[in-house]
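Now for the letters of each chain:
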Number of protein chains: 2
Amino acid sequence: MPCPGPAARAPALIRNGNSMAAWVYRFGPDHTDGHAGLTDELGGKGANLAEMSRLGLPVPPGFTITTRLSRYFFANGQTLPAGLETEVRDAVAAMGKITGATFGDPVNPLLLAVRSGAAISMPGMMDTILNLGLNDATVEGLARRSGDERFAYDSYRRFIEMYGDVVLGVDHGLFADLLDNFKNLNALASDTEVSAGQWRELIERFKEAIRSETGQDFPQDTNEQLWGAIGAVLRSWRNDRAESYRRLHAIPDDMGTAVTVQAMVFGNRGETSATGVAFTRNPATGTREIYGEYLPNAQGEDIVAGTRTPLRLTEKARAEFKAKDASLETAMPDAFAQLKDIFARLEAHYRDMQDVEFTIQEGKVWMLQTRSGKRSAEAALKIAVDLVGEGVISRDEAVMMVEPEALSHLLHPRIEEGVAKDVIARGLPASPGAATGEIVLTSDEAEVMRAQGRRVILVRVETSAEDINGMSASVGVLTQRGGLTSHAAVVARSMGLPCISGAGAIRIDLAQGTVRTASRTFSRGDLITIDGTTGEVLAGAVAMKQPELSPDFATLITWADTFRGLKVRANADTPRDAVQARKLGAEGIGLCRTEHMFFDASRILAMREMICAADEKGRRAALARILPMQRSDFVELFRIMEGDPVTIRLLDPPLHEFLPRHEAELGPIAEALGITLERLKTRVAELSEFNPMLGFRGCRLAIRYPEITEMQARAIFEAAIEAEKTLGRPVKPEIMIPLVAFRREFDILAGVIRNTAHTIEAQHGCRLSYQIGTMIELPRAALRARELSEGAAGAEFFSFGTNDLTQTCLGLSRDDAAPILSNYAGKGIFDRDPFVSIDEAGVGELVRIGVAQGRAGRPGLKIGICGEHGGDAHSVAFFHALGLDYVSCSPFRVPIARLAAARAAITARRRGAV
Amino acid sequence: MPCPGPAARAPALIRNGNSMAAWVYRFGPDHTDGHAGLTDELGGKGANLAEMSRLGLPVPPGFTITTRLSRYFFANGQTLPAGLETEVRDAVAAMGKITGATFGDPVNPLLLAVRSGAAISMPGMMDTILNLGLNDATVEGLARRSGDERFAYDSYRRFIEMYGDVVLGVDHGLFADLLDNFKNLNALASDTEVSAGQWRELIERFKEAIRSETGQDFPQDTNEQLWGAIGAVLRSWRNDRAESYRRLHAIPDDMGTAVTVQAMVFGNRGETSATGVAFTRNPATGTREIYGEYLPNAQGEDIVAGTRTPLRLTEKARAEFKAKDASLETAMPDAFAQLKDIFARLEAHYRDMQDVEFTIQEGKVWMLQTRSGKRSAEAALKIAVDLVGEGVISRDEAVMMVEPEALSHLLHPRIEEGVAKDVIARGLPASPGAATGEIVLTSDEAEVMRAQGRRVILVRVETSAEDINGMSASVGVLTQRGGLTSHAAVVARSMGLPCISGAGAIRIDLAQGTVRTASRTFSRGDLITIDGTTGEVLAGAVAMKQPELSPDFATLITWADTFRGLKVRANADTPRDAVQARKLGAEGIGLCRTEHMFFDASRILAMREMICAADEKGRRAALARILPMQRSDFVELFRIMEGDPVTIRLLDPPLHEFLPRHEAELGPIAEALGITLERLKTRVAELSEFNPMLGFRGCRLAIRYPEITEMQARAIFEAAIEAEKTLGRPVKPEIMIPLVAFRREFDILAGVIRNTAHTIEAQHGCRLSYQIGTMIELPRAALRARELSEGAAGAEFFSFGTNDLTQTCLGLSRDDAAPILSNYAGKGIFDRDPFVSIDEAGVGELVRIGVAQGRAGRPGLKIGICGEHGGDAHSVAFFHALGLDYVSCSPFRVPIARLAAARAAITARRRGAV
């Protein structure tokens, strides 16, 4: 047995045929080298085949070539190392001993399946070849031994198709066309009507097509076939789809793929044979029931391709979906019982729901794959909570089992009950949740419109790996074909996107840009709504409602709260936001953007008066009218937060945002303000800037017009006094000065705030309790953080404004970034969109410096973050590691942040424990 | 004698009357405590009075109260320490012994002058009180002992005026009005016609005015007078003018002022008395000659105020200026000889030109002040070079004597010889150089128009400390009144601004906004030209020529080159720039902005075609037409630089800069491009951005359109091959990739450049020698500099783009900063404009990190800087300290950078030697 320890990592070049270290890891009923812990070496598939073999489950014997070979292959000009051939030959011979068949033997031929498999699942990205080992001679042997000539020739033609496509590079459509023509000429309705003789005839045409396309014959030498297939699988690691998938999922290029070679078992050996895929629980709901599909008398690719509509495994499912064809449970009760037993053993062993592939050959179940199954967010929650209830896993394991991002779609709206629905089509409820968007018909369109800020629903015949980007740019996916385990369904669930698959009644016309149902036609850009929970497609938009969060949600998030160190606050500007935030568990407000209180039609006039005032007196008069509105908003926020911290940011945006954009609007406004149009135009011109992001905003406004800060401080303090009275507990506002770069900016405005506090204390005869802090949102502020926090009069808290910090650190305007970001993502310059997940190496370095410096200036300084990154799981883990006190995010992302914070703490604890 | 060592720094609070450490440092013919090294303790004036006393020069005896008192005073609620009174009383008594007079004695009264004086000169910022000790009784004694009743009462009324103004806060204008009314009523033409009796009468009115304004009597107690004056001088440290001056000149607030109390000597004791100011050399030209002015029978403030036109000191000067009144040389030959002797001793002692104040009392010269004199740039050069020639100072001392910034105006244009000049007025040639600008009449106007990017000439009756900001915002200053040592003249020379003072023929009407001469009227905004070298004021603009640099300039700069470590390159985009840069000593080009080559009318069409092309093919076609133009420019640059390094930056600005701003221009351009107006409009809209500074520019352009980089690389390499042939020496271009934030951006474009190089090497059968580097102009690039430089394929050089780095680090757009900067400067938030002198603490920290990280990635990495800061002396010193290899600046600032680099090296060496 090869040593899976250090020797397994020895460079290939110093190995040779005599060495102990091996390229090949065998698995089978009598001897298995690998195990589930070796996914880096063997890929997920190979490692779990080995693990299942060790468990004594029925796995066709075979071997896996380690991922080291993939790295060797690309590092050495796509050549193979010396010792490999012998190892493979020996392993194939060993398979022969187990199966009693011989590779290349015309009498009793051993047939092989050759599959790729990386450590991280990349579904459908790389290539697979089945039935390898068939040639003009062995096909006869297979026919004789199986007693089924039609099966043998069907298998042979499948092999030629796959081999021609994957290894020889012949367009797959060519074979499909030949088959279609042949069926038309011979009036054959489906593949199953094609006879053995007819397959033989077609095989000759296939071989001819290969000859004319490639200039060489289809190889009859089975060893040549095997090495051709191994090389093709290795090369497929670098095909465009795989590279793009890795970029999208931040999978390193040098991980490499393993190659698994396995004895074929046949689901297409007649009516007692079948192929299927299953989950050990329901991946959409999490219910503990066998869930999946099978096709009798078929091979695996028939299910994944979605070309035949598969049947249900259980009677319950068959009844629910009102399917006519028998479930596996009734059609093959014995095989179903085998599966049930296997699934129970798998769950007990892996301590998680499994996603398996199996083949039934003449009544016997063979396992071809097992892995942790992708699941909907609801299912993830239910499974995690159930497994704790079943005593299988611990609470921290449950928390680690649910991806925070998956929660996001539980928090998305669903269709309001009882509303009138204009149902135009129905399909399979492939991924729950509802969404309304404009119809797009290609992934490119989806990306373009998404970049324009539009919400789109991607409508496709079926999706493939090329559609990953388009799906991620859409708010929902609708396909004409494919089942619940089709590409569209699996990927949409993992993305938390609503999806309906197999809505067979729709017809897509790309040229016309239309989607037709029996009676109606919709065009690109028309609004539709999909309900991925029911499978209904609706015309237009409909009323949506907020989700009722399941008890499992509450249970898991409560467990999460016991693990996390980071506090989670919400960014909330209005009482409505604050109520929502409170419901979702926010422990305070981390960012209240006071300017958002002024865009209301009833208030903006006073704001405009302030902006257009000729002098300080005029500004003070307008501000005096704004004061009571602002105060009453703050009173509400303080009441809702019941004494929890509320961080209020002073006026921040460039003043021109309060003035109209279009000249036509100026006349009426000038009139309302009682100033001349000329004066208003002049003011608009004065305030217009080349780069507003880097202009007259943030504390710069208040340094110029300190009376704004005076009014805001007064509103905050008076509101605190009022709210304290009704709450009966102390209210301690945190006042935040934005866009500080220099200590003196902070000092000037902190002085205004403190003076206002003194005045109010004198007026009310009370002592105000409050803190003054600053946003850290400019590189200079992060670099000089010590200066900002030190001394009694320094900043009492920091909140990192990572949106602006990202803009300035990277020199990239968020408003202008879309085309640059998409170009850059395509070139692998960003691993992740830096406005979604914090750029740890760059922006994160400024945060790190800011934290260290800020706490050097003021030990124990309270530090939070209130950019969009506060609701992103990756970023939350980073902020946990930096020792921040809290994150603040939009209300709907509060649960995500709570879960992410818990996972970060658990991960850190586990690392520390190692 | 008090100990000037550690005890002098002991905190005031632990001192008491018995302590050895003293507040008071005496000076006089028999005993002197201080010396010139104690300017921090005694202020410049006090320290140099002590030094002159030690040298045995005639200095009226007195004492200086240390600056520690100023700090004590403000730290202790404006109170005075316990021991001070005794020390002052003893010191006054000692002065009495020397002079034979007694303070407060009605028979022979000792009179005092009380003056402020900080370690750094703040001319005219703080207050002075003369003739202190006069009251109704002592004035009689003074009259009797001097035998000049009129002198005594004139002195008394002057004292009351100053004391009323400075100590009691009575508006000075009140006294002036009383005097004017009195003269009108009594038909008196000038002050000299006022008799003793009339002064006595006026004195009563002055005292009455004080009573009615302040509710208290003018103090008759001479001790009360003294302590009132000391308190007022101390308080004047914090008056608005002084605070604003300190902010402008970055003088720390806690430096504090000393108070010097000195026995009065009288320049107003009749025709053998006088007061004067002088330079030991000509401060405008540097010529070794006595230069200055005096007023017979006058006190010091009469000269500084510019109210009487002063007379020349030397016959030569009198003849030159065709003055009628006698020079001091002929009027008081004996006193002139005393002065000449004193000046020679001062220069030998101080090893620099001195600026002195003196008083002649009845034929005897008394020195009241000496300090190093401010001088024009020409004079600074000549004096420094002459002093080396005279064996007085060394070459490094000469280099340290000339402020780099002063050179800037030597490099400004002067009026072309022989052009027609429309001379509208003449005045004194107060500060050399010529300038054309729009007329402004107030400093506020100057600042506002400057902020709009306009060039203005400040025209004032005379200037005062309040005009500092306005002067610095102007390109030249013209005053109606005042001499060569008037405020306007002194300040303009120190700023290197052209200035004409005392142009008596002009009349300024602020209300009308006009400047009139005898026959003509000019308005605000009209263009005029001033020639500060000749004193001529011209209507309109005239042809200017580049200065011929003096041999002294060449000598000093050559000496400087022997000291400096930093190389100095120029930012040059065109052959014309490059030639100019070469003339001024540039050692290569640090920044060639290739885009500047495309704004030429003949070239911009091809650029626009490239931008509007529908696809890569169209772009390549347009680029192919740009290639030969770009190549020929590069050939020229390489030839001019003769093998010295040339850094070429790839295309950087947002593409919309190449398209027209106004819609009206679009039609003809669409036609020229052969595309529809619609298409052009769409393209303009596509390229428009919210924050272009943070948008699609720099390397982001080339990542999207790599064919641009390919063309530019080809142009560079082909030009290098061609230039090498004609030069006969190797040309090694440095190709600079702008706006890099991520290593992969660099790798992608470096790959394009290297591939292009390989292609050209194959075509030409040669080996190209070149380097690829990057601008460090984003915070992320500085923070990740190690990643950018490391490995064989990393950046081979860095050039800090401190303009953009300042914009992003501070979050401040240069284009929008003007109003923010002026508001901030007024509030003391910036010490210096961060776009002029690098913000060392913030932006400088990023440079420091970038240098350390960059050299960690690639030991010995070549690093330069090519922002505007490369030509700023303060910044150059900072870059020297950080260990940069070179600075690059605009051609006209190359000599400034050379001198600044030398001074930085000398300063560092001296510090190291200590």
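Residues numbered from 1 in each chain as written. Chains lettered and ligands numbered in written order. Predicted model: local features only at pLDDT ≥ 70, side-chain atom pairs only at ≥ 80, totals over all residues. Heavy atoms only, no water.

Peer 1: Please set out the interface of chain A and chain B residue by residue, giving values where relevant.
Peer 2: Of the residues lining the interface, 45 residues belong to chain A; the matching set on chain B comes to 45 residues. Counting across the chain A and chain B interface gives two salt bridges. The partner of Arg-780 of chain A in a salt bridge is Asp-839 of chain B, and the shortest N-O contact between them spans 2.7 Å. Joining chain A to chain B, the criterion identifies 27 residue pairs in polar contact (both at pLDDT 80 or more). Elements that contribute at least two residues to the side of chain A that touches chain B include exactly helix H25 (699–704), helix H27 (743–764), helix H28 (779–783), helix H30 (802–810), helix H31 (818–826) and helix H32 (843–857) of chain A. Here the side of chain A that touches chain B is built from residues that sort into 23 nonpolar, nine polar and 13 charged. (Contact = heavy atoms within 4.5 Å. Salt bridge = Lys/Arg side-chain N within 4 Å of Asp/Glu carboxyl O. Polar contact = N/O pair within 3.5 Å; in protein donor to acceptor, adjacent residues only side chain to side chain. Helix = DSSP H or I, 4+ residues; strand = E, 2+ residues; numbered from the N terminus. Nonpolar A, V, L, I, M, F, W, Y, C, P; charged D, E, K, R; others polar.)

Peer 1: Requested: an account of the pattern of salt bridges, with residues and values cited.
Peer 2: Residue and element names in this part refer to chain A. Evaluated as defined, the whole model comprises 117 salt bridges over all chains. Residues Glu-707 and Arg-619 are paired through a salt bridge, measuring 2.5 Å at the closest nitrogen-oxygen approach. Of this pair, Glu-707 sits in helix H26 (residues 706–727) while Arg-619 sits in helix H22 (residues 616–641); the two residues are 88 residues apart in sequence, bridging distant segments of the chain. Look at Arg-619 and you get buried, because its relative accessible area is 11%. Look at the salt bridges and you will find they share partners, linking Asp-561, Arg-564, Lys-567, Glu-587 and Arg-898 into a network. (Buried < 20%, exposed > 50% of the residue type's maximum accessible area, 1.4 Å probe, protein only.)

Peer 1: Which residues make up the nonpolar core, and what values do they have?
Peer 2: Among the nonpolar cores identified, the biggest contains 288 residues, and Phe-634 and Phe-638 of chain A together with Phe-634 and Phe-638 of chain B are the most heavily contacted of them. Setting aside its immediate chain neighbours within four residues, Phe-638 of chain A contacts Gly-643, Val-646, Ile-648, Ile-716, Ala-719, Ala-720, Ala-723, Leu-727, Val-731 and Pro-733 of chain A. (Core = buried A, V, L, I, M, F, W, Y, C linked by side-chain atoms within 4.5 Å.)

Peer 1: Can you lay out the pairing of strand E29 (residues 734–737) of chain B for me, pointing to particular residues and giving the numbers?
Peer 2: A regular strand carries its side chains on alternate faces of the sheet. Residues and elements named next belong to chain B. Residue alternation in E29 divides its side chains into two sets, Glu-734 and Met-736 and Ile-735 and Ile-737, and both sets are buried. Sheet topology places strand E28 (residues 646–649) next to E29; three bridges connect them, and they run parallel. Note on E29: the bridge partner recorded for Ile-648 is Ile-735. The pairing of E29 with strand E30 (residues 771–776) spans four bridges and is parallel. Paired with Glu-734 across the two strands is Gln-771, which belongs to E30. For the segment spanning E29, helix H28 (residues 743–764) and E30, crossover handedness is right-handed. (Pairing = 2+ DSSP bridges. Right-handed = clockwise from strand over helix to strand, strands pointing away.)

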